[in-house]
Amino acid sequence: MADTIEVDGKQFAVDEEGYLANLNDWVPGVADVMAKQDNLELTDEHWDIINFLREYYEEYQIAPAVRVLTKAVGKKMGKEKGNSKYLYSLFPYGPAKQACRFAGLPKPTGCV
Amino acid sequence: MSETVKKFMYLNRKAPYGTIYAWESLEVVLIGAAFDQDVCVMFVDDGVYQLTKGQDTKGIGMKNFSPTYRTLGDYEVKRIFVDRASLEARGLTQEDLVEIAYEDFETEEEIDNIVEIVDSQRVSELMDESDVVFSF
């Protein structure tokens, strides 16, 4: 059943897969707490992708599938970042799924 | 991967909001895009409104997914058609429709807008050459 995570003493509802229930609830601390649960320490490189996803969602109202994300990152940040090896090194549980979760977005559309 | 590539057409006939058809269709297209098939998306009748610019859904409390059509190119859906007669019957022109860009990542070929207006005969031909037509 739906759960909550605690960020700075506040409770945030998440769905059964750990995605934030309400997109508008998101604060950067949500990503930090979720990352800690996954045993990850967020670096600037992680934040570049998280922020990129939030901008992508803002513009297109969709959380992109992993290959779409890879392509879009490559276009915006260069090919050395727009490849799955780099993105998986940052987000081992799947760059789209895990990074979207940290970014407070729904599960990506078209990730199978 | 798959040796049998089928030609899929997603046929959209209904206005974007008010029913769930347009959103369901768009989701199926985006999810299906992962499976390397030959996909085209066709907009006829009130379906042409799905691509009109400047939609605002605040008043009806529905998610505004109109901006999402612009990601079709990113999802490598390259063939998007609109029936000219349906547009004209509604007093619309290509100017009223969103532009969908496409970029081939390997060849770096860029197309500013892949939305193509076609006449009825071409609509029939495209349907005819499709192996599967999903009507929404």
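The rules behind each value
- Residues numbered from 1 in each chain as written.
- Chains lettered and ligands numbered in written order.
- Predicted model: local features only at pLDDT ≥ 70, side-chain atom pairs only at ≥ 80, totals over all residues.
- Heavy atoms only, no water.
- Contact = heavy atoms within 4.5 Å.
- Buried area = accessible area lost by both parts, 1.4 Å probe.
- Salt bridge = Lys/Arg side-chain N within 4 Å of Asp/Glu carboxyl O.
- Polar contact = N/O pair within 3.5 Å; in protein donor to acceptor, adjacent residues only side chain to side chain.
- Helix = DSSP H or I, 4+ residues; strand = E, 2+ residues; numbered from the N terminus.
- Nonpolar A, V, L, I, M, F, W, Y, C, P; charged D, E, K, R; others polar.
- Pairing = 2+ DSSP bridges.
- Axes fitted to C-alpha atoms, helices over the stretch in contact; angles between N-to-C directions.
- Buried < 20%, exposed > 50% of the residue type's maximum accessible area, 1.4 Å probe, protein only.
- Right-handed = clockwise from strand over helix to strand, strands pointing away.

1. What to know about the interface of chain A and chain B
Inference 1: Chain A puts 19 residues into the contact, and the matching count from chain B is 19 residues.
Inference 2: Summed over both partners, the interface of chain A with chain B comes to about 1,700 Å²; 54% of that surface belongs to carbon and sulfur atoms.
Inference 3: The interface formed by chain A and chain B contains 3 salt bridges.
Inference 4: Between A:Glu59 and B:Arg70 there is a salt bridge whose closest N-O contact spans 2.8 Å.
Inference 5: Applying the counting rule to chain A against chain B returns 10 residue pairs in polar contact (both at pLDDT 80 or more).
Inference 6: Elements supplying a minimum of two residues to the side of chain A that touches chain B: helix 2 (44-60) and helix 3 (66-77) of chain A.
Inference 7: No other element matches helix 3 of chain A, which puts 5 residues into the side of chain A that touches chain B.
Inference 8: Taken together, the residues that form the side of chain A that touches chain B break down as 9 nonpolar, 5 polar and 5 charged.

2. Here we look at the sheet that holds strand 7 (residues 132-135) of chain B
Residue and element names in this part refer to chain B.
Inference 1: As summarised here, the arrangement of the 5 strands in space is 6-3-2-1-7, forming an open sheet in which the pairing is parallel. Strands at the two margins of the open sheet, each flanked by one partner only, are strand 6 (115-118) and strand 7. Across the sheet, the axes of successive neighbouring strands diverge by a mean angle of 25°, strand direction being ignored.
Inference 2: Examined bridge by bridge, strand 2 (residues 38-43) and strand 3 (residues 79-83) share 4 bridges and lie parallel to one another. If you follow Met42 over to strand 3, its bridge partner there is Phe81.
Inference 3: Running over the sheet, helix 3 (residues 120-129) touches strand 1 (7-12), strand 2, strand 3, strand 6 and strand 7 and is turned about 135° from strand 3.

3. Structural notes on the pairing of strand 1 of chain B
Residue and element names in this part refer to chain B.
Inference 1: Counted residue by residue, strand 1 has 5 buried out of 6 residues, so it is predominantly covered.
Inference 2: Relative to strand 2, strand 1 runs parallel, the two sharing 6 bridges. Among the inter-strand pairings, Leu11 is bridged to a residue of strand 2, identified as Met42.
Inference 3: Handedness of the strand 1-helix 1 (residues 21-32)-strand 2 crossover: right-handed.
Inference 4: Of the strand pairs in this sheet, strand 1 and strand 7 are connected by 4 bridges, and their pairing is parallel. Across the sheet, the residue bridging to Met9 is Val133, located in strand 7.

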